[in-house]
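Below, each chain spelled out in residue letters.
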Amino acid sequence: TASGADAMTIMGIKQKAQNASLSSSRKPASTMTSESIDTSATVETLKNQTLEFSVAGENYKVVLNEGDYSTVEEAAKSIQDILNKTEVTGGQNLGNLIKVTADGGAFKIDAVSKSLISGKPTMLKGGSALEYMGIENKEVDFSVATQGPVSSDISKIDLEKTWAERVKGQTLTFSYNGTEAKIEIADDADTLEKVKESLQKSLDAKFGKDRVSVDIKDKDDSGNAITPKLTFRTTIPGDGATKETDDSSILKVTGGNYETLSALGLRAGLSNRTNFDEKVDLSAFGPAEEKKVPVKDKDGNDTGETVTEYWYKFKLNGEDIQVRGDENGFATKKDLINAINNSNANVIVTYQEAADKFTFTSKVNGASGVIDFSKNSDDANNKLSEVFGLNRDKMNDSVRGQDAIVAVKYAGSDQEVELRRDSNTFTVDGLTIALKGEFGYKKNDAGELERDHSVDAVEINASVDVDKLMDTIKSFVADYNAIVDLVNG
């Protein structure tokens, strides 16, 4: 209001409000490292592939993640076992409706019955497994006699691949500072050394020479031999043989054939920044609390069975942060972050990818908010410091936020008053103030802030726009008279 604005002068801003926060202190990562690479390994190509079916108009996708797929006979048995466990409409399972068998060295897929279910056919819809089973990938309506059963072209069955067959001539997708490119592996790259050279050549061509350095790591930090890994280090182009590390650039694997990624120990989403799926050993938080949890069926009813869940906890702001681990006591970084953000600790964890840093920020404004890990054991805080890159010493005491402090003088008084608020935007006597910076204070010899009277104050003047007010009143009167005329008419 005009009277409130005229009544106050802002003499200075001692400090702005800020919520309690604690951030990572580590340096951003520059190197992306693969998992261990076994170039002598062969793989069962059907493993983790999919088959898709339709029953009574509902679609079902099964993943071939259990069993033996080394021969047609064993693979057919493994697939059928999975179908027998896949529930479908009407309380049945896919194994009651679909049979996968080995027939003379070929796969055979057929429906048990040609009849319709709820007026709709049972169908083979497709799936990534068909290619390796030597079956054409197309929809098959088993209610049509001419379409089923379907069998393999034996010459196209492909149940096993060597490491070299999985990588030669394949293409991966990388992203460098947001620019995405297809990275080709040469057709003759049948050793890890040749793959490294091919990747280096392609990365240089796509992102610029010496932007990414590809190497093979075959020794640990102590010099002992290990199963080799590929490393990708972001570097600064230069004339020297050894390139300077560039820890500001972000390199990611964004796509590629699953078999090729797996053979090279890579996965989509891997980068030289924090891996949120990295496993964290929760044993540092103390022994697990085991909970027996009822198992429910698809309708939400208890089956009478239970499973054991393993829960670990640490403290933040005096609240127990509970994290569910697996049976070996591990959870992911993502699990830890979600546990904190969903807790009653009034703290939110955020991640800045470019800086590769985590920030813990209080959800409570100003000096009321704290970040306090001090109630944990040394082991627990050491683990949290390791996972989030926090300064270990700062975790011994609570980190508190601060309030805004503003010096004001009211009309008719020579006395200055320091207002304290928990936010940088607040209202005083009808005047809304948004603090943008600090002024009007200086440090004395003791390093303490005191008023600097040489700095001009902020004076605020406000007045009423009388013409606009009169126009509004006249408009209202005219509209009111129009309504009266309408009613009288």
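Here the structure is shown first, and the text comes after it.
These numbers were taken from a predicted model, which means no experiment stands behind them.

Rules behind the numbers
Residues numbered from 1 in each chain as written. Predicted model: local features only at pLDDT ≥ 70, side-chain atom pairs only at ≥ 80, totals over all residues. Heavy atoms only, no water. Salt bridge = Lys/Arg side-chain N within 4 Å of Asp/Glu carboxyl O. Helix = DSSP H or I, 4+ residues; strand = E, 2+ residues; numbered from the N terminus. Buried < 20%, exposed > 50% of the residue type's maximum accessible area, 1.4 Å probe, protein only. 1 Å grid on protein atoms, 1.4 Å probe; cavity = no way out; pocket = protein on both sides within 12 Å on 5 of 7 lines; lining within 4 Å. Points joined across faces, edges and corners; volume = space filled by probe spheres on them. Nonpolar A, V, L, I, M, F, W, Y, C, P; charged D, E, K, R; others polar. Phe/Tyr/Trp six-rings, centres within 6.5 Å; stacked < 30°, edge-to-face > 60°. Lys NZ or Arg CZ within 6 Å of the ring centre and 35° of its normal. Pairing = 2+ DSSP bridges.

Visitor: Outline the pattern of salt bridges, supporting the account with residue identities and numerical values.
Guide: All chains considered together, the criterion is met by 22 salt bridges. Here Lys-77 ties to Asp-81 by a salt bridge, and the two come within 3.5 Å at their closest N and O atoms. With Lys-77 and Asp-81 both in helix α2 (residues 72–85) and four residues apart, the pair spans about one turn of that helix. The salt bridge involving Asp-302 is made with Lys-296; its shortest N-O contact spans 2.8 Å. In terms of burial, Asp-302 and Lys-296 fall into one category: exposed. Bridged by salt links that share partners, the residues Lys-313, Lys-315 and Asp-320 form one connected network.

Visitor: Pulling in residues and values, what's your account of unusual backbone geometry?
Guide: Omega for the bond connecting Gly-148 with Pro-149 falls within 30 degrees of zero, at 0°, which places this linkage in the cis form. Within the fold, Pro-149 resides in the loop between β10 (140–141) and β11 (150–151). For Ser-118, which is not a glycine, the phi torsion comes out positive at approximately 55°. Looking at the element boundaries, Ser-118 is found in the loop between β8 (106–111) and β9 (123–126). With a phi angle near 70°, Asp-210 is a residue other than glycine that sits in the positive phi range. The residue Asp-210 is located in the loop between α6 (192–207) and β15 (212–219) in this model. Residue classification places Asp-210 among the buried residues on the basis of a relative accessible area of 19%.

Visitor: So what about the layout of surface pockets? Which residues, and what values?
Guide: Considering only enclosed or pocket space, the largest pocket measures out at about 460 Å³ in volume. Every residue lining the largest pocket is counted, 20 residues in all, and those nearest its centre are Thr-33, Leu-270, Ser-271, Asn-275 and Glu-278. The element contributing the most residues to the lining of the largest pocket is strand β3 (residues 31–33), with three residues. In terms of residue class, the lining of the largest pocket is built from four nonpolar, eight polar and eight charged.

Visitor: Go over the packing of aromatic side chains with me, naming the residues and quoting the values.
Guide: Inspection of every chain in the model, using the stated rule, returns ten aromatic pairs. Between Phe-276 and Tyr-351, the ring centres sit 5.1 Å apart and the planes meet at 90°, which makes this aromatic pair edge-to-face. Of this pair, Phe-276 sits in the loop between α7 (258–263) and β19 (279–281) while Tyr-351 sits in strand β24 (residues 347–352), and the two are 75 residues apart along the sequence. On the basis of relative accessibility, which here comes to 26%, the residue Phe-276 falls in the partly exposed class. When the centroid spacing of 6.0 Å and the interplanar angle of 75° are considered together, the rings of Phe-276 and Phe-358 count as edge-to-face. In this pair, Phe-276 is assigned in the loop between α7 and β19 and Phe-358 in strand β25 (residues 357–362), connecting sequence segments 82 residues apart. Using a relative accessible area of 0% as the deciding quantity, one classes Phe-358 as buried. Through pairs of rings, three or more aromatic residues link up here, namely Phe-276, Tyr-351, Phe-358, Phe-360, Phe-373 and Phe-388. Residue placement shows Lys-291 over the ring face of Trp-311; its charged tip is 5.0 Å from the ring centre. Between the NZ or CZ atom of Arg-451 and the centre of the ring of Tyr-441, over which it lies, the distance is 5.7 Å.

Visitor: Before we move on, could you go through the pairing of β8 and cite the residues and values that matter?
Guide: In terms of burial, β8 is a largely internal element, five of the six residues being buried. Of the strand pairs in this sheet, strand β7 (residues 98–103) and β8 are connected by six bridges, and their pairing is antiparallel. Bridged to Thr-101 within β8 is Lys-108. Linking β7 to β8, which pair antiparallel, is a turn of two residues; within it Gly-104 sits at a positive phi near 60°.

Shape is all these values report; function is a separate question.
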